[in-house]
Amino acid sequence: MKTIHQILPLALLGAALVSCGRPQGASGRDVIQNKGSDTLVNVAQAWAETYSKAHPETMIAVSGGGSGTGVSAMINGTVDIANSSRKMKDSEFEAARANGIEPVEHVVGFDALAVYVHQDNPVTSLTLDQLARIYGENGDITRWSQLGVEMSGKADPIIRVSRQNNSGTYVYFKQAVLGKKGEYKLGSLDMHGSKDVVDLVEKTTGAIGYSGLAYATEHIKMVPIVGSSGRAVTPSVDSAVDGSYPIARPLFMYTAGAPAGKVKEYLDWILGETGQGILRAKGYAPVSTATL
Amino acid sequence: MNAEFDRLDRAWYIDRIAKGLIFLCGISAIIFILSIFVFIFAQAFGFITEDLDVGEFLTDPTWRPTSESNPVYGTLALIAGTASVTGLAMLISVPISLGAAIYISEFATGRTKEVLKVVIEMLAAIPSVVWGFIGLTIMNPLIIQIFDVPMGLNVLNAGIILGLMAAPIMTTIAEDALKAVPDSYREAAEAMGATRWQIIRRVVLPSARNGLTAAVLLGVGRGFGETMAVLMASGHSVNLPTSPFDSVRALTATIAAELGETAHGSPHFGALFTIGVMLLLITFAINLTADLIIRGGWKQRGHN
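Residues numbered from 1 in each chain as written. Chains lettered and ligands numbered in written order. Predicted model: local features only at pLDDT ≥ 70, side-chain atom pairs only at ≥ 80, totals over all residues. Heavy atoms only, no water.

K.L.:
Before we move on, can you summarise the overall build of chain A with the specific residues and values?
P.N.:
Within chain A one finds ten helices and twelve strands. Counting across all 292 residues of chain A, residues that qualify as buried make up 50%. A separation of at least 24 residues holds for 74% of the contacts in chain A among residues at least 6 apart in sequence. With the model as given, the accessible surface of chain A reaches about 12,700 Å², and the carbon-plus-sulfur share is 54%. (Helix = DSSP H or I, 4+ residues; strand = E, 2+ residues; numbered from the N terminus. Buried < 20%, exposed > 50% of the residue type's maximum accessible area, 1.4 Å probe, protein only. Contact = heavy atoms within 4.5 Å. Areas by Shrake-Rupley, 256 points an atom, 1.4 Å probe, with all protein chains shown as cover.)

K.L.:
Account for the overall build of chain B, with residues named and values stated.
P.N.:
Counting secondary structure elements, chain B contains 13 helices and two strands. At 24 Å, chain B has a C-alpha radius of gyration far larger than the 19 Å of a compact globule built from 304 residues. Along the first, second and third principal axes, the C-alpha set of chain B runs to 75 × 70 × 35 Å. Counting across all 304 residues of chain B, residues that qualify as buried make up 40%. Partitioning the intrachain contacts of chain B with sequence separation of at least 6 by distance along the chain shows that 69% fall at a separation of at least 24. Carbon together with sulfur atoms contributes 68% to the accessible area of chain B, which is approximately 16,000 Å² in total. (Rg over C-alpha atoms; globule rule 2.2 N^0.38 Å.)

K.L.:
Quick rundown of the domain arrangement of chain A? Include the residues and the values.
P.N.:
Frequently, the measure chosen for interface size is the accessible area removed from exposure when the parts meet. All names here are of chain A. Domain boundaries assigned for chain A yield domain 1 (4-110 + 251-291) and domain 2 (111-248). Each side of the interface is counted separately: domain 1 has 19 residues, and domain 2 has 18 residues. Across the interface of domain 1 and domain 2, roughly 1,400 Å² is buried in total on both sides, 53% from carbon and sulfur atoms. Three residues stand out in domain 1 for area buried against domain 2, namely Asp38, Thr39 and Arg86, and they jointly supply 30% of the buried area on that side. On the surface where domain 1 and domain 2 come into contact, there are one salt bridge. For Asp238, the salt bridge goes to Arg280, with nearest N and O atoms at 3.1 Å. Only α2 (41-54), α3 (67-75) and β4 (103-118) provide two or more residues apiece to the side of domain 1 that touches domain 2. (Domains from an automatic or database assignment. Buried area = accessible area lost by both parts, 1.4 Å probe. Salt bridge = Lys/Arg side-chain N within 4 Å of Asp/Glu carboxyl O.)

K.L.:
Provide a residue-level description of the packing of helix α4 (residues 76-107) of chain B against helix α7 (residues 155-179) of chain B, including the pertinent values.
P.N.:
Residue and element names in this part refer to chain B. Remark: α4 packs on α7, axes separated minimally by 6 Å, with the N-to-C direction vectors making an angle of 35 degrees. In terms of crossing hand, the pair formed by α4 and α7 is right-handed. Of the residues in the contact of α4 with α7, the class split is 21 nonpolar, eight polar and three charged. (Axes fitted to C-alpha atoms, helices over the stretch in contact; angles between N-to-C directions. Left-handed = near helix turned anticlockwise from the far one by under 90°. Nonpolar A, V, L, I, M, F, W, Y, C, P; charged D, E, K, R; others polar.)

K.L.:
Outline the interface of chain B and chain A, listing residues and values.
P.N.:
Each partner contributes to the interface: chain B provides 31 residues, whereas chain A provides 30 residues. Contact between chain B and chain A buries roughly 2,500 Å² in total, counting both sides, with carbon and sulfur atoms accounting for 47%. Connecting chain B to chain A are four salt bridges. The residue Arg64(B) makes a salt bridge to Glu183(A) at a minimum N-O spacing of 3.7 Å. For the side of chain B that touches chain A, the secondary-structure elements that each account for two or more residues are β1 (63-64), α6 (128-147) and α12 (251-258) of chain B. Looking at side-chain class alone, the side of chain B that touches chain A contains twelve nonpolar, 13 polar and six charged residues.

K.L.:
I'd love a proper account of the pairing of strand β3 (residues 81-84) of chain A, names of residues and values included.
P.N.:
Residues and elements named next belong to chain A. Both faces of β3 are covered, namely the face carrying Ile81 and Asn83 and the face carrying Ala82 and Ser84. The pairing of strand β1 (residues 31-36) with β3 spans three bridges and is parallel. Bridged to Lys35 within β3 is Ala82. Here β3 pairs with strand β12 (residues 248-256) via four bridges, running antiparallel. For Asn83, the partnering residue across the bridge sits in β12 and is Met253. (Pairing = 2+ DSSP bridges.)

K.L.:
Outline the packing of aromatic side chains, supporting the account with residue identities and numerical values.
P.N.:
Taken as a whole and judged by the stated rule, the model has 21 aromatic pairs over all chains. Plain terms: the ring middles of Phe37(B) and Phe284(B) are 5.7 Å apart, the flat faces sit at 90 degrees to each other, and that makes the pair edge-to-face. Taken together, the positions of Phe37(B) in helix α2 (residues 10-50) and Phe284(B) in helix α13 (residues 267-303) put the pair 247 residues apart, joining distant regions of the chain. Accessibility expressed as a relative area gives 17% for Phe37(B), which makes it buried. Three or more aromatic residues link up through ring pairs in this structure, and these residues are Tyr135(A), Tyr170(A), Phe173(A), Tyr184(A) and Tyr210(A). (Phe/Tyr/Trp six-rings, centres within 6.5 Å; stacked < 30°, edge-to-face > 60°.)

K.L.:
Provide a residue-level description of the pairing of β4(A), including the pertinent values.
P.N.:
Residues and elements named next belong to chain A. Counting buried positions along β4 gives twelve out of 16 residues, so the element sits mostly inside the fold. Here nine bridges tie β4 to β12, and the two strands are oriented antiparallel to one another. The residue of β12 that forms the bridge with His106 is Met253. Across five bridges, the pairing between β4 and strand β8 (residues 207-212) is antiparallel.

Next comes the structure, spelled out in structure tokens:
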């Protein structure tokens, strides 16, 4: 016959395991949950690996899925650090506060958003206005020939490759190219990751797509972009750092409340020399060139 | 003496517990389906009562749920996407699967029959992400080459992939329906001097009509519900298709691509669950119809 004496220890053990699963205090936390931006996921993984080697007591679980995923997870209280390639919206801050979480923003690097075309595409540069007329609602450019670009007959229609509507890259490109009030023209191919955009554009002659500079390959062409300076600038780490490339954006990490303990140590390390060095090696622009 | 049978010993308790557990397993499907209904409706409820404009939801081709200034929740383009892909898939798979079912049931014998049945079941076991991968890496360049179009991720690609995916289940059910036609029918027709083809066309197919309709309907249900393969092969583009070479986006694929990144309780989240409700109702109606047709067929035959 089972008695309370036999069951009680089991119940206590169970309760103990449950409370270990998500420790709330700053001390004793040994797993940092880190999730979000697809743009940041590669560098976040590299950070986690290098950091864990130097600090074996800290485990960092990194997953991607997009900025929206990270921000949602922050609102729902399931991550310690959310990666995002866009700023959190006011509505999202409110939603987080409603759950008793106060997200704190940290800029951890900058990313040049490159505009990619097929390597056989002869286009030499595009202006922000032309991009808006290609991607924006009511935009009138649907064929390469309208831009004076000679393509073989079937590749003349511009195939717009975009991202799913909760991606930080999607949101940032919209703000930077289409303006605050702008909307995308529907009918683009909405890919579910930075790499998918590059893969598809690589294989499709008439395609145009936008994705982080770090996803560039040898088989794809990056189009120099003409911004307000009137000069065509090729996306690169340097042109993102000096601000001459017009579609560069800050990359964020959000913490639940002011970072403390292990999370603070990790963030400080990311913003330090080693962390920023890794970021730069992955093709992103560091927060401050002075630290390098 | 009676007390002997009523004794409450260990065996009696075990018997009772076993009975209860097996009963629970038996009705578990009902519990699950009801819980799923309740869960999905509950998630969609807030959106349906507060934000939903039924006219816009069903007739607006603009799906722009994350717009800051003016979110639009129109699913017409998504419905058209799902319908066009499923329609094309049926055009491809219905003739193939009916042909296959007729061959297996009426012509093939012995080893050929067994091997064919096993292979068709294996075809049904291929995971949908593998089909999607085939669409993305094999069909895409093939369509570009053969039809000389700029882009191979479109209705045609997804329709072919989905048709191949739906064919095995349709073949299996159609073959069951043909097998259920009593041999005495065939023998009677043969005794009247009918040829093989005449027997199939005039006797077997009409007798199996209900089962064959059910097979097609279940195939349609499969098409509506398929997600991963369609997401990968269709191009995932909000678009009202005007030709098989247009990229489209399916209802299921939209949920799959967006739900993970949506804050719980937001209107966007509710809108995705409302699409879920719509899909659930559609597939429920299709399956119910198929079921009623099969049952109706049995009754009819019983009365004959």
